[in-house]
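Topology and contacts: notes
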Amino acid sequence: MLRLALRLSLHSGREALVRLLVTMTAVAVGVAILLAVLADFHAFKVTNDRPFWEGTQRTTQAGKLDEPAPNVELWRYSNDIFKGQTIERLDVAALGPDAPLPPGISRLPRSGEYFASPALSALLRATPHEELGARFPGGQVGTIGEQALTGPDELVVFVGHSPAELAKVPTAFRVSTIATAPGKQVWSPYFRDAFIVGALAFLFPILILIGTATRLAAARREERFAALRLVGATARQISIIASVDAIVGALFGTVLGIGIFLLVQPALAATAITSTRYFADEVTPTALGYVAVLIAVPVASAIAALLSLRRVRISPLGVTRRTTPPAPRAWRLAPLLLGIALFIVGLAITTPRSIGAPAFPGLILILVGLVVGGPWLTTQAARLLARSVKGASALLAARRLADNPKAAFRTVSGLVLAVFLGTVVAGLLPAVNSTTATPSANALSDVLLARFTLSPICGNSVNCTGEAPGGWSRQAVGGSEKLPPANDGLPARVGARLLSQLRAFRGATVVPVYSVPLGANDSRPPPEVNDSTISCESLKQLVVLGECASGVKAIQAKAFQLYSDNPTFSTQPIAGPHLGNAPVSDDFSRLSLQSVLIKVDDASTLERIRTLLTTHTPLSLSGSAPRTFGEAVQARVAVGTTVQRLAFIAVALTLLVAGCSLAVAVGGGLVERKRPFSLLRLTGTPSATLYKVVYLEGILPLVTATVVAAGTGYGISVLTVNKMSPNGTPLPTLGHVYYLTMGAGLAIALAVILVTLPLLDRITQPDNARFE
């Protein structure tokens, strides 16, 4: 029986061969895209699960900061910035011969040495030394391996010091064990959930494509199987023949799809799907993934083929006893309505920490609801078409759609999901980005902020005497100074010399911010009150940060706002009469320099200033390098951009798969209806009428479900934007990219339908009627 089944599948004439080739091609496209999704998810998971050495904690062993110990070293982890790119920096000093090694290097760098990642090494070679290389003392002695990196583009440097040098840095601490557990990254669940939503959005079209290709010309095969039943074949034998027929096409298509994926895998590995590229050897499905696809796709195809033999298994004449199935009922809208309700509830309970995760189940259920409710919408659209449009073509199309709305909608469900996802993304992300890239943030985009924190911190990293870390201060002024207790910032003389150095850069506008003068027994003011002072003349250089009343030379300021990592808050006015800031003396000669704002128009000058600040000043204890407000905005916007990229990739792949599915379904439908169309044309029905029938059958369910999907997606974006910014938030605006993308998708769908019309003309020639 297996030999007969293989012969019928491979040697049954031209029609069977064409069906096999079309099935193979459709399955290969779906499998290649599915493997690409699995490959990127595997790379994301491997990267996210790598040892999080950056999260290494201080040792609990007692001892002074630079006290020798056999298995201990000093650490200082911080971030640097170069042209908007983050550089992870680890300053390290061994305290004993058995000090632990960070991943990716064979030995610890000594004082005057550093190891750099391959991407940073290339950047150092291509950049003037005073713009970047001068930030790392000494010379490069090696390259950091993949074990310490998340991808080939990551910028990482390990800088060696002597224990005495590093012990003077306030944020240094002792380490005896380097963290090896996976790190918890705040955006990883967000990317994971976005990936799942996007994967499900075009997993449906892939399954539909494979199922449609497997059941290509199902009606013709049913007739052939019914003939076999009439000559004595049993239902079991027919099931075996149908299963082998489906498995052969699906298996060949799966193997072809794996081959296509292997050809495009290098290009896929070189593409930054998220915010960074992955290592090429990680962008691949697991062996289990390959095996699962190789087994699951043919098995799913066999199941689809068996489900299509219901009438043949009843009796050999079951094919001719076709009755109209019951019309879809309104309950099919229940998953869609339940998903909307679940999304609203999840949105209501979401918090900034959960980043919208409670709403994702509702979003997934909405995707399912659009697919489940599509046939009911198609039925209602068909009834409306029959009542409102006169003519034979509208009547034939409406009767056909009402007879089998499930099959009619199945061909366009992928496009509907693409429209829904595209609408959500187009409405949501620009509104999200606008809350960060505010007009004031844009006005400060080229302004560099450097904050100086020398406040004493009690602990084993620094004493509580108020002494400045001399290793850094000596570079700036040639000696160390005492800080007034509880004052925040550089001492007056240090600050004055730094301002003089900064003003020497051509084209730099320098705006100093001074700490509130405190006595020896005073404590710092709470952050909601004025914590700094600023010159009114300097404030005129950055008017978006505030203004002074006429005649006032200096004013109190709420500079703590500047130091927020959220540009929505850090770019708000910090001084002005309307904020309750009182005038103060303009004598800053004895005040500590809390921070400095530097407006620079030239990128090279900006990096030289950043190098000066990094190497000659003690920066914030947070370990963050000075960055412009524009770079802070870009860091936030990059998260939304990554999600947007993932969503639009999902939309593009969905459109591709749905277009293939639509082509297969329309072409297969024409072949199945070769007899009725030929007889209609033979009895005098014009070809134009038949063209309109095919066109209306394809376009009506697409337009109906697209309108519902777009409306639902836009409503989701409105609800989300209102949750994020409830006070006077304008309605999201869909940009031209959205209309171009969605218009292109619908145009492709229409073009696919039009391309199949010549086939209709050929198969309905009067000469063919004798064979029907």
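Before going into details, it helps to say that this report is about the structure given with it. Just so it is clear, the model here is predicted, and its values are computed rather than measured.

Cut-offs applied
Residues numbered from 1 in each chain as written. Predicted model: local features only at pLDDT ≥ 70, side-chain atom pairs only at ≥ 80, totals over all residues. Heavy atoms only, no water. Helix = DSSP H or I, 4+ residues; strand = E, 2+ residues; numbered from the N terminus. Buried < 20%, exposed > 50% of the residue type's maximum accessible area, 1.4 Å probe, protein only. Areas by Shrake-Rupley, 256 points an atom, 1.4 Å probe, with all protein chains shown as cover. Disulfide = S-S within 2.5 Å. Contact = heavy atoms within 4.5 Å. Polar contact = N/O pair within 3.5 Å; in protein donor to acceptor, adjacent residues only side chain to side chain. Pairing = 2+ DSSP bridges. Axes fitted to C-alpha atoms, helices over the stretch in contact; angles between N-to-C directions. Core = buried A, V, L, I, M, F, W, Y, C linked by side-chain atoms within 4.5 Å.

1. A closer look at the overall build of the chain
Counting secondary structure elements, the chain contains 24 helices and twelve strands. Sorting the 772 residues of the chain into buried and exposed places 51% on the buried side. As presented, the chain carries roughly 34,500 Å² of accessible surface, and 62% of it is formed by carbon and sulfur atoms.

2. What about the state of the cysteines?
Applying the stated criterion across every chain yields a total of one disulfide. The side chain of Cys536 participates in a disulfide bridge whose partner is Cys548; the two sulfur atoms lie 2.0 Å from each other. Here the disulfide of Cys536 and Cys548 is left-handed, its torsion about the S-S bond being about -90°. Of this pair, Cys536 sits in helix H18 (residues 536-539) while Cys548 is found in the loop between H18 and strand S10 (554-557), placing the two residues twelve residues apart along the sequence.

3. As for the side chain of Thr378
Structurally, the position occupied by Thr378 is in helix H11 (residues 360-388). Given the relative accessible area of 2%, Thr378 is considered buried. Excluding residues within four positions of it along the chain, Thr378 makes contact with Leu401, Pro405, Ala408, Phe409 and Pro701.

4. Side note on the side chain of Arg89
Positionally, Arg89 belongs in strand S2 (residues 85-94). The class of Arg89 is buried, set by a relative accessible area of 8%. Within the local environment of Arg89, its side chain forms a polar contact with the side chain of Asp91, the two groups lying 3.1 Å apart. Apart from residues no more than four positions distant in its own chain, Arg89 is found in contact with Arg76, Tyr77, Ser78, Arg135, Phe136, Pro137, Val157, Val159, His161 and Thr614.

5. Here we look at the sheet that holds strand S1 (residues 73-82)
Taken in spatial order, the six strands line up as S4-S3-S5-S2-S1-S6 in an open sheet, and their pairing is mixed. Looking along the sheet, the strands with just one partner apiece sit at the ends: strand S4 (139-143) and strand S6 (173-175). Across the sheet, the mean angle from the axis of one strand to that of its neighbour is 35°, orientation sign disregarded. Where S1 and S2 come together, ten bridges link them in antiparallel fashion. Residue pairing across strands places Phe82 opposite Gln85, the latter belonging to S2.

6. A look at unusual backbone geometry
Glycine aside, a negative phi is what most residues show, and trans is what most peptide bonds show. With phi around 50°, Lys83 is a residue other than glycine that occupies positive phi space. Turning to its location among the elements, Lys83 is positioned in the loop between S1 and S2.

7. Considering the nonpolar core
One finds Phe343, Ile366, Leu370, Phe420, Leu662, Val694 and Ile716 to be the most contacted residues of the largest nonpolar core, which totals 42 residues. Looking at this core, the elements with two or more residues in it are helix H10 (334-349), H11, helix H14 (413-436), helix H21 (629-672), helix H23 (687-724) and helix H24 (736-763). For this core, the leading source of residues is H14, giving nine residues. Sequence-distant contacts of Ile716, defined by excluding residues within four places in its chain, comprise Phe343, Leu363, Ile366, Phe420 and Val424. Leu499, Leu502, Tyr514 and Ala554 belong to the second-largest nonpolar core, a separate cluster that totals 23 residues.

8. What about the sheet that holds S10?
Each strand in a sheet pairs with another by means of backbone hydrogen bonds, the pair being arranged parallel or else antiparallel. Judged by pairing direction, the sheet is antiparallel, and its six strands sit side by side in the order S10-S9-S8-S11-S7-S12 without closing on themselves. Only two strands of the sheet have a single partner each, and these edge strands are S10 and strand S12 (627-628). Two elements, strand S9 (residues 532-535) and S10, share four bridges in a ladder whose sense is antiparallel. Counted as the bridge partner of Ser532 is Ala557 from S10. In the packing of helix H20 (residues 603-616) onto the sheet, the strands contacted are strand S7 (447-451), strand S11 (593-599) and S12, and the crossing angle to S7 comes to about 0°.

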